[in-house]
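Letter by letter, the chains look like this.
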Amino acid sequence: MRSDEEVDVSELAADLAATTELLTHPHGAQQVVQVYHIAALEGPEADKRWSSSNSRFAIGAHPSNDLVIDDGAVSRFHCEIRIKDRRAWLADLDSRNGTLVDGVAVGVGGLRDSSLIRLGRSVLRFQFGTEHVALAVSESRSFGSLVGSSVAMRSAFALLERAAKSDITLLIEGETGTGKEGAAESVHQASARRDKPFVVVDCSAMPTNLLESELFGYERGAFTGATSRHVGAFEEAQGGTVFLDEIGELSQELQPKLLRVLERKQIRRLGSNTYLPVDVRVIAATNRDLRVLVNEGTLRSDIYYRLAVLRIILPPLRERPEDIPELVGCFVPALGIDATQAKELLSEELLARMQSAVWPGNVRELRNYLERCVVLEEAMPLHDAGSAEPSPNTPPIDPRVPYSDAKRAVLNDFERRYFEALLKLHDGNVSRAARACGMDRVYLHRLLRRHGLRG
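The residue numbers shown here count from 1 along each chain, following its written sequence. Whole-chain, interface and lining totals are the exception, using all residues; otherwise, since this is a predicted model, local features are given only for residues with pLDDT of at least 70 and side-chain atom pairs are given and counted only at 80 or more. The side-chain numbers reported here are obtained from all heavy atoms of the structure, hydrogens and water having been left aside.

Trainee: Would you take a moment to explain helix H11 (residues 348-356) for this structure?
Mentor: For the α-helix, the turn length of 3.6 residues means that residues three or four positions removed from each other point alike. Remark: exposure states derive from per-residue accessible area (1.4 Å probe, protein chains only) relative to the maximum for the residue type, with buried under 20%, exposed over 50%, and partly exposed in between. Counting from the N terminus, the helices are the DSSP runs of H or I reaching at least four residues and the strands are the DSSP runs of E reaching at least two. Every buried residue of H11 is listed here: Leu350, Leu351 and Met354. Buried positions in H11, seen along its axis, are confined to an arc of 100 degrees and lie on one side of it. Every exposed residue of H11 that faces more than 90 degrees away from the buried side is listed here: Glu348 and Glu349. An arc is given here, and it is the one of the directions from the helix axis to the C-beta atoms.

Trainee: Help me out: how do you make sense of the packing of aromatic side chains in this one?
Mentor: Two descriptors summarise a pair of aromatic rings, namely the distance from one centre to the other and the angle between the planes of the rings. Each Phe, Tyr or Trp ring, with Trp reduced to its six-membered ring, pairs with another whose centre is within 6.5 Å; inter-plane angles below 30 degrees give stacked pairs, above 60 give edge-to-face pairs, and intermediate values give tilted ones. All told, the structure shown has nine aromatic pairs when counted by the stated rule. Judged by centre distance (5.0 Å) and plane angle (70 degrees), the rings of Phe77 and Tyr304 are edge-to-face. Placement of Phe77 in the loop between strand S4 (67-68) and strand S5 (79-84) and of Tyr304 in helix H8 (residues 301-307) is noted, with a sequence separation of 227 residues between them. The burial state of Phe77 is the same as that of Tyr304; both residues are buried. A connected cluster of aromatic rings, assembled from ring pairs, spans Tyr36, Phe57, Phe126 and Phe128. Here, a charge over a ring means that NZ of Lys or CZ of Arg falls within 6 Å of the ring centre while also lying within 35 degrees of the ring normal. Directly above the aromatic system of Tyr275 lies the positively charged group of Arg260, at a separation of 3.8 Å from the ring centroid. If you follow Arg367 out to its NZ or CZ, it ends over the ring of Phe331, 5.8 Å from the centre.

Trainee: Any chance you could explain the nonpolar core here in plain terms?
Mentor: Soluble globular proteins tend to bury their nonpolar side chains together. Ranked by size, the top nonpolar core spans 35 residues in total, and within it Phe234, Leu244 and Ile247 carry the most contacts. Mapped onto this core, the elements with two or more residues apiece are strand S15 (198-202), helix H4 (208-216), helix H5 (233-236), strand S16 (241-245), helix H6 (255-264), strand S19 (281-286), helix H7 (290-296) and H8. Only heavy atoms enter the contact rule, under which two residues are in contact if any of them lie within 4.5 Å. Setting aside chain neighbours within four positions, we find Phe234 in contact with Leu215, Phe216, Val242, Leu258, Val261, Ile267, Val278, Val280 and Val282. Only buried residues count toward a nonpolar core. Its members are Ala, Val, Leu, Ile, Met, Phe, Trp, Tyr and Cys residues joined through side-chain atoms within 4.5 Å.

Trainee: How should I be thinking about helix H2 (residues 151-164) in this particular structure?
Mentor: Taking 1.5 Å per residue as the helical rise, H2 with its 14 residues ought to reach 20 Å, and the 20 Å between its terminal C-alpha atoms agrees with that figure. If you check which residues of H2 are buried, you get Met153, Arg154, Ser155, Ala156, Phe157, Ala158, Leu160, Ala163 and Ala164. By definition here, a helix of n residues has an expected span of 1.5 Å times n minus one.

Trainee: Help me understand the side chain of Asn362, please; the structure alone is not making it clear to me.
Mentor: Turning to its location among the elements, Asn362 is positioned in helix H12 (residues 362-376). Of the residues examined, Asn362 reaches a relative accessible area of 0% and is grouped as buried. A distance of 2.8 Å separates the side chain of Asn362 from the backbone oxygen of Thr176, its partner in a polar contact. Under this definition, polar contacts are N or O atom pairs within 3.5 Å; protein pairs additionally need one hydrogen-donor-capable and one acceptor-capable atom, and for neighbouring residues in sequence, both atoms have to be side-chain atoms. A distance of 3.5 Å separates a polar atom in the side chain of Asn362 from the backbone oxygen of Pro360.

Trainee: Which parts of the structure should I look at to understand the side chain of His78?
Mentor: Its place among the elements puts His78 in the loop between S4 and S5. With a relative accessible area of 0%, His78 lands in the buried category. At 3.0 Å, the side chain of His78 and the backbone nitrogen of Ser75 are in polar contact. At 2.9 Å, the side chain of His78 and the backbone oxygen of Gly98 are in polar contact. Sequence-distant contacts of His78, that is, excluding residues within four places in its chain, are made with Ile59, Gly60, Ala73, Asp92, Leu93, Ser95, Gly98, Thr99 and Leu119.

And the structure:
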């Protein structure tokens, strides 16, 4: 019999995966959602009723909503009802006039049986039904590079599997680090286009003029420095797939050109008067709700309608902690470590701590955490979801110091640590960081310089 030190790392991971399957993947598991009913009491749709058939129910003036209200005071995408953890929630989608639940304006608020929802001139009554509906759940614990035994992930796998069988345009939504690019590439690899190129374009990583060249290409002489013809992403991916990451950052100038690709499968290079046919599948991804951008007027509604032929939402890691042991079991063999280190990372104690952590950077942060543990040769501290203890780096409180000075020291320390974490989460991209934290980019630059985080 071999000692622990001689045990193969892959065997440890395989044992963990087998245990995880027994614990989290019972045979015949389904995602069952309680049906609810919406009755219009007042407004243009008065006396009509609707019943849910999914875990999400969108309400607004746009025809793609589940409940369409033709009311000038109702935004195109006004609000959405979501079932989560057997509870009903209503989320306002930054609507123009807001949403009231039982007389209270909400951003996100809970719904009780017989709650009244007011939007525009309409009043709707929410009521749970007695029946339930079973949603599609994949029998597989993985899809391409994605791994997960949770019902939330296997629900996403079911949609990804269907998407791979067709050529429809796909919109993948989810927080940073949830695996949107991996999902897109996995769909491509499982599709009939697998032998053709998979081309990635980050719409947030370059200014509009460069992004236009990257997407559509240009002719020689189209602008100063264009010394030869350049083939853009859509031509490069001929027969394959173009993945448009962070599509919510696409400028309004480029949106009509993307619409032509989506509708007519045609592009025109910069400096050319000729449209060229392209045979590509478009998969887009975003960490923002594009419906909010439509309401704001920064995204054309017809672009959203063409992109969201099929929407797939990847759940954040905090909503599927049961997947963490399996994810760790997949990451550990790739770290190039010996069995002793692997056993420490796969220990029940550390896995339990990982499952209680917040993981704002999701799967990407989990992988980075494991790599840090290997480099530093110790299990690094984790921030538990329920922990309210102050960081050991927080300046101590000294009552002998004037209040204003003490407060300034604490705020400065908070700002520095917040912006360090913010930049790390967005890979140093200040523009994305500013949008994520709701701050003007120029002002964020100034604060970063103040704290020595930028030159």
